[in-house]
Structures are given as structure tokens and as C-alpha cells.
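# Examination of the molecular architecture
Below are the chains, spelled out letter by letter.
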Amino acid sequence: MRNLTEGNLTEAVLAKLEGAADARFKEIMGSLIRHLHGFIREVDLTEREWLTAIQFLTATGKKCDDKRQEFILLSDTLGVSMLVDAINHRKPGGATETTVLGPFYVSGANEMPMWADIAGDAPGEPAYVSGRVLDVDGKPIAGAVLDVWQTDGEGYYDVQRPGGNEQYARGKFTTVADGRYGFKTIKPVSYPVPTDGPVGKMLLGMGRHPYRPAHVHVIATAPGYDRVATHLFVEGDEYLDSDAVFGVKHSLVVEFKDHPAGPTPDGKKSATPFCTAGFDFKLVRS
Ligand code: BEZ
Ligand code: FE
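All residue numbers here refer to positions counted from 1 along the written sequence of the relevant chain. Chains carry letters from A onward and ligands carry numbers from 1 onward, assigned in written order. Where local features are concerned, this predicted model is filtered to residues with pLDDT of at least 70; where side-chain atom pairs are given and counted, the filter is 80 or more; whole-chain, interface and lining totals use all residues. Derived side-chain values reflect all non-hydrogen atoms in the structure, with water molecules and hydrogen atoms excluded from consideration.

### Considerations on the site of ligand 1
Around ligand 1, the neighbouring residues are Leu 73, Asp 76, Gly 102, Pro 103, Phe 104, Tyr 157, Tyr 191, Val 193, Arg 212, His 215, His 217 and Val 245. One of the side-chain N or O atoms of Tyr 157 is found 3.3 Å from an oxygen atom in ligand 1. In the analysis that follows, any N or O atom pair within 3.5 Å is treated as a polar contact, provided that within protein one partner can donate a hydrogen and the other can accept it, and provided that, for residues neighboring in sequence, both atoms belong to side chains. A distance of 3.1 Å separates an oxygen atom of ligand 1 from a polar side-chain atom of His 215. With residues, only the protein chains shown are counted as cover, and all accessible areas are computed by Shrake-Rupley using a 1.4 Å probe. Coverage of ligand 1 by the protein amounts to 100% of the 260 Å² it exposes when considered alone. In this analysis the probe radius is 1.4 Å and the grid spacing 1 Å, with only protein atoms considered; a cavity is a set of points the probe fits into but cannot get out of, a pocket is an open set with protein on both sides within 12 Å along at least five of seven lines, and lining residues have an atom within 4 Å of a point. A molecule is said to be in a cavity or pocket once over half of its atoms fall within 2 Å of that pocket's grid points. Here ligand 1 is seated within the largest cavity. The cutoff for a nearby residue is simple: one of its non-hydrogen atoms must lie within 4 Å of the molecule or strand.

### So, the layout of surface pockets
Grid points are joined across faces, edges and corners, and a volume is the space filled by probe spheres set on the points. Taken as a whole, the largest pocket holds about 410 Å³ of empty space. Around the largest pocket, the lining is made up of 14 residues, and of these Lys 67, Arg 68, Pro 103, Phe 104 and Val 159 lie nearest the centre. Residues are grouped as follows: Ala, Val, Leu, Ile, Met, Phe, Trp, Tyr, Cys and Pro are nonpolar; Asp, Glu, Lys and Arg are charged; all remaining types, including Gly, are polar. Within the lining of the largest pocket, the residues separate by chemical class into 7 nonpolar, 2 polar and 5 charged.

### Some remarks on the coordination of the iron ion (ligand 2)
The rule for donors is simple: N, O or S, within 2.8 Å of the metal, or within 3.2 Å if the metal is Na, K or Ca. Water isn't counted, so a site may look like it is missing partners. Around the iron ion (ligand 2), the protein supplies Tyr 157 (OH), Tyr 191 (OH), His 215 (NE2) and His 217 (NE2) as donor atoms, at distances of 1.9 to 2.1 Å. Angles of 55 to 167° at the metal separate the 6 donor atoms of the iron ion (ligand 2), which places the site in the irregular class. Here a site with four donors is tetrahedral if all angles are between 85 and 135 degrees, and a site with four or six donors is square planar or octahedral if opposite donors are over 155 degrees apart and the other angles are between 65 and 115; anything else gets the irregular label.

### Things to note about the domain arrangement of the chain
Source of the domain bounds: an automatic or database domain assignment. Taken domain by domain, the chain consists of domain 1 (1-45) and domain 2 (74-283). One C-alpha centre belongs to domain 1, the other to domain 2; they are set 42 Å apart.

Spelled out as C-alpha cells, the structure:
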């Protein structure tokens, strides 16, 4: 194994996998080496470009801490997260489609009763979201849990606010006997993914904007059914066809209908205009 050349170096590296005990690890590393070497040959990588790549990955790692995961953001903005999602959640027709989880999920959100207001004092237009959780045959699922989170009306998640200790615009709801759920919130707005790190620079270099179309995140779970991590996107949003993380699916786009001041779906009255959105989740048996 001396005098390796452009022509035989890849084979020499692949041969080093012969002793790998784990077959899946061997398969993944073999493919990674082949594709990585193929990519470098294809673009005829210069030493300067190689160093730039090393510096980019180093900066990506340095940007990560317990609140920020720049590598996941990199994966999201390169479409890798959605490809992994697509491969791992091949669903039968009619089932609620999945999409990217994102970095702003916080486990342990407050459990709330039907029609509770998750927004509190957060700025934004009042919105009522409701529907049912069903199986794919349309049978209601009682006791399903919807873990919900979203931005406020200024495009910030609670955890992005300075301090980030006060929980708002997130909550957990359990469906009642006929599978119904409902909560009060504020209409989400489109917002940029974090751009103050190396991924932001990459987007700029690619000539891309960093925006995600407005959405409500939901993780739907029920005993005996597959977990669904998804979004409800706001119909009419200007970024639906150019989501920075490639997460939009047609079946998840929902009308947020405007209403004048008056009776609201929770049986109360609003003194200001509000909007309503309806969506039925359809879960698949595990
Ligand atoms: C989000 O929707 O919260 C999100 C997803 C991917 C990257 C950044 C944010
Ligand atoms: Fe989000």
C-alpha cells in the first residue's frame, strides 16, 4: 500500500473496511468514502477549497451548544433532514404526512384542557385551531396527545427570547371521546431560520433566503399508533414554495379563516377580529 495514486486511492481506503465487525457500519462507511471521493474528483477540489470546507465544519461545530444545533440546521437547509424523514415515514395514502421537527421543540410542555389559550400575552392575531384525531379509516381516537408549539406573531419561539424562561405558544392537548381537540393561539407568521452562524453564510453564498412559511408544529401520539411530527402551514403564506428547509407538503396547508369580532369556537365572544383553522390528524396503527 505505497505509491497510491488518484486512480487507486479510493480502493485502498475501502479495503481498510475489511476488518469492520458491524455490517451496517461497514456499508455506511463504504458508501460515504465512495461518494466523498467521487465528489472531490467531480469538482476537482483545490487545497484552498478543502481548507475552507474544514473551517466551515469547524465553525459549525463551535456554534453548537445545548440550545443551538448548527449541524441539524445544516442538514435541514441541505434537504437532508427531509430526505431522512421521507425514507423513514413512508405512509399509506390518507395518513397525516410528517415534516421536519426543527430545533425549537421542548419536551414537557404544560398539559392543557380543550380550548386553553397557549399564547397568553404573546403578540399576534388570535386564532382558534381545532379538529379531530382519527385512524386512517376515520375512527376517532380518544386519548391522543397533541404536543403543539409555534412562534408568536413576531416570528419568535419562546426559547429564542432573551432569557427564554417563560413558556408560551406551546402546550399539550389530549383528545376527548370523539377524538376532538381545540386550542386558542395566535396566527403564526413566517420567520427566518437562525442566520448568525456558518449556515447563514452558506445560504447567503447560495443566493437563498432563510425564511420558513408560517406554521404550527404538532407531534401527535396515541397508544398503538405511529407518532407523527408535523406542521400545519398557513395557506397563502409567501414562502410556501420556497421553504428554507424543504418541509412543505400540500396536505398540511390549512386555511386560517378571518372572522370579525363576535362568537368564537370555544363558546365565548371576541371583542376583536380572529381567525379559525381546522385540521384532522390521521394516524396509522403501529
Ligand atoms: C422550525 O420550524 O422550527 C425549524 C425547522 C428547521 C430549521 C429551523 C427551524
Ligand atoms: Fe418552526
